[in-house]
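# Descriptive structure summary
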Amino acid sequence: MELGKTIKQLRTNLELTQKQLADGICSQSLLSRVEQGLEIPSVLIIHNICQKLGVTVDSLLFSSELDSPFIQLKKELQELFFSHDFETLYASLHKKNTRLV
C-alpha cells in the first residue's frame, strides 16, 4: 500500500478527520495531497503524523510501498533476518556494500 493510503486507512480506523489529524502538524490540504499520493511529506511531518496515529515511523514505512531503494533494501534485509536466513543476509549485505562503494 502507498504511504498516503496507509495514512488514510490508519486515520479512518481512528475515526479522525483530515482536519483533526493535520491540526498542529500541517495544513489539511497538504495532508489531503499526501493521502492522494500527490506529495511525500517531510520526515518531521511523518513523525508527527505517526505520533498522532499511535504508530512508529518504522511500522508506517514498512507497511507502505515507497519507491525509495533504501526502504526496499531495509524490507528485504529484515525479511531475511526474521526468517533466520543469515547466509543470504550476509551475502546480500556484502553484495549491496560493494555496489554502494
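Residues numbered from 1 in each chain as written. Predicted model: local features only at pLDDT ≥ 70, side-chain atom pairs only at ≥ 80, totals over all residues. Heavy atoms only, no water.

## A word on the nonpolar core
- Core analysis: the largest hydrophobic core is formed by 15 residues, its most contacted members being I7, L21, C26, L31, I45, I49 and L60.
- Counting only elements with at least two residues in this core, the list comes to α1 (3–13), α2 (18–22), α3 (28–35) and α4 (43–53).
- Ignoring anything within four residues of it in the chain, the contact list for L21 reads I7, R11, L16, L31, I49, K52 and L53. (Core = buried A, V, L, I, M, F, W, Y, C linked by side-chain atoms within 4.5 Å. Buried < 20%, exposed > 50% of the residue type's maximum accessible area, 1.4 Å probe, protein only. Helix = DSSP H or I, 4+ residues; strand = E, 2+ residues; numbered from the N terminus. Contact = heavy atoms within 4.5 Å.)

## Focus: the packing of aromatic side chains
- The full count for this structure, using the stated rule, is two aromatic pairs.
- An angle of 70 degrees between the planes, with centres 5.4 Å apart, marks the rings of F81 and F82 as edge-to-face.
- You can call F82 exposed: its relative accessible area is 60%.
- A ring pair is formed by F81 and F86, whose centres lie 5.9 Å apart and whose planes are at 70 degrees; its orientation type is edge-to-face.
- For F81, a relative accessible area of 46% puts it in the partly exposed group. (Phe/Tyr/Trp six-rings, centres within 6.5 Å; stacked < 30°, edge-to-face > 60°.)

## Comments concerning α4
- When α4 is considered as a whole, its buried residues turn out to be I45, I46, I49, C50 and L53. Seen from one end, α4 has its buried residues packed into an arc of 135 degrees, which puts them on one side. Relative to its buried face, α4 has exposed residues pointing more than 90 degrees away, namely V43, L44 and Q51.
- Positive backbone phi, at 75 degrees, marks G54, one or two positions downstream of α4. (Arc of directions from axis to C-beta.)

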